[in-house]
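Observations on the three-dimensional arrangement
What follows is each chain in one-letter form.
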Amino acid sequence: MSLLIVGSVAFDAIETPFGKTDKIIGGAATYISLSANYFTKKSNLVAVVGGDFPKEYIELLRNHGVNTDGLQIKETEKTFFWSGKYHNDLNTRDTLVTELNVLGTFDPIVPSQYQSCDYLMLGNLAPKVQSTLINRLTKRPKLIVMDTMNFWMDIAMDDLKETIGMVDVLSINDEEARQLSGDYSLLKAAKKIMAMGPKTLIIKKGEHGALLFQGDQVFFSPALPLEEVFDPTGAGDTFAGGFIGYLASTDDISFENMKRAIVYGSALASCCVEKFGTENLLNLSETDIKDRVNEFVKLATFKL
Ligand code: AMP
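Reference entry: report on the structure contained in this document. Since the structure is predicted, the reported quantities are computational estimates derived from the model, not experimental observations.

Contacts to the ligand come from 19 residues, most closely from Ser8, Asp12, Gly27, Gly234 and Asp237. A distance of 2.8 Å is found between a nitrogen atom of the ligand and a side-chain nitrogen or oxygen belonging to Ser8. One nitrogen or oxygen atom from the main chain of Gly27 is found 2.7 Å from an oxygen atom belonging to the ligand. Look at the ligand: alone it shows 510 Å² of surface, and the protein chains cover 94% of it. At the level of secondary structure, the elements contributing two or more residues to the shell around the ligand comprise strand S2 (10-16), helix H4 (150-155) and helix H8 (235-250). Ranked by residue count, the leading element in the shell around the ligand is H8, at three residues. Partitioning the shell around the ligand into residue classes produces nine nonpolar, seven polar and three charged.

Below is the structure:
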């Protein structure tokens, strides 16, 4: 089934205890697209970059099966830039710079050939842009998954709540769930957030795994304990790409299949964090992914 992805395509500068990068390719939609591509070959991107964005990066996305017809290039403007620095535990980071640049005036135009998409992934972006994109689709997709972050909670809470009310699945981290709901207990927070609209909620807990809520049902997937974590940037987006890519490829949105999708998303995220930026997402094999998923099964299965 076809997948439509909207989100940031960016320059990122990252600093972790293990090293530093200058401006490299990043952005929520970049990680989502590269990750989803391991499951569905029919992904379509809507995003915007400036004239400073290297053509090789666009080629890289195309070579990984992403349709870039919906990628706007604003020749006289600059690409969105984000910079972050991780603390020693790698679980927390400080955002050093967020320069919206082209994202500040982004008008998400949906090419007509994308209109029949079955699955929609709203990657991290201004919530108003996310809702505009939904409103521009002539047919509602079978499933709309949304990711967001505290940045938008701080500056656009009303827009954010309106967009959350339009989606089927919301994916956020534990800190964001607490900020959005005002509740410390994640169970209470989940109830409040699902009452805002999404029937399904994913709460990501970094190296402590992810929770999936739907009505009264809850599922938990651990994260894989790794010897080497190099750079957690994009882990959440990679997770989301694996989640929706798996659902789109199996075309099954039952809770049981979402449990599998959570594990596939977690497996891809565990690969992403082992190298800087998108590097490790570029050349995974089917066997690499199968082996990772089997490690999750071994880690989490037990008999009574
Ligand atoms: P994650 O580590 O999953 O939170 O995602 C990091 C990615 O999100 C980076 O590649 C950034 O370019 C992108 N990003 C950071 N802040 C924003 C923002 N305010 N809007 C859109 N994308 C963002």
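The next thing to look at is the pairing of strand S6 (residues 66-74). With seven bridges joining them, strand S5 (residues 43-50) and S6 adopt parallel strand pairing. Across the sheet, residue Ala47 finds its bridge partner in S6, namely Leu71. Each parallel crossover has a hand, and the one from S5 via helix H2 (residues 55-63) to S6 is right-handed.

The final tally for this structure, using the stated rule, is 11 salt bridges. Residues Lys204 and Asp147 are paired through a salt bridge, measuring 2.9 Å at the closest nitrogen-oxygen approach. Residue Lys204 is located in strand S12 (residues 200-204), and its partner Asp147 is located in strand S10 (residues 143-147); the two are separated by 57 residues in the primary sequence. The two residues Lys204 and Asp147 agree in class, both being buried. Between Lys259 and Glu256 there is a salt bridge, with the nearest N and O atoms lying 3.0 Å from each other. Placement of the pair is Lys259 and Glu256 together in helix H9 (residues 255-272), with a separation of three residues, close to one helical turn. Looking at Glu256, the relative accessible area reads 42%, which means it is partly exposed. Beyond isolated ion pairs, a larger network of salt bridges with shared partners links Glu274, Arg292 and Glu295.

Scoring rules and cut-offs
Residues numbered from 1 in each chain as written. Predicted model: local features only at pLDDT ≥ 70, side-chain atom pairs only at ≥ 80, totals over all residues. Heavy atoms only, no water. Near = heavy atom within 4 Å. Polar contact = N/O pair within 3.5 Å; in protein donor to acceptor, adjacent residues only side chain to side chain. Areas by Shrake-Rupley, 256 points an atom, 1.4 Å probe, with all protein chains shown as cover. Helix = DSSP H or I, 4+ residues; strand = E, 2+ residues; numbered from the N terminus. Nonpolar A, V, L, I, M, F, W, Y, C, P; charged D, E, K, R; others polar. Pairing = 2+ DSSP bridges. Right-handed = clockwise from strand over helix to strand, strands pointing away. Salt bridge = Lys/Arg side-chain N within 4 Å of Asp/Glu carboxyl O. Buried < 20%, exposed > 50% of the residue type's maximum accessible area, 1.4 Å probe, protein only.

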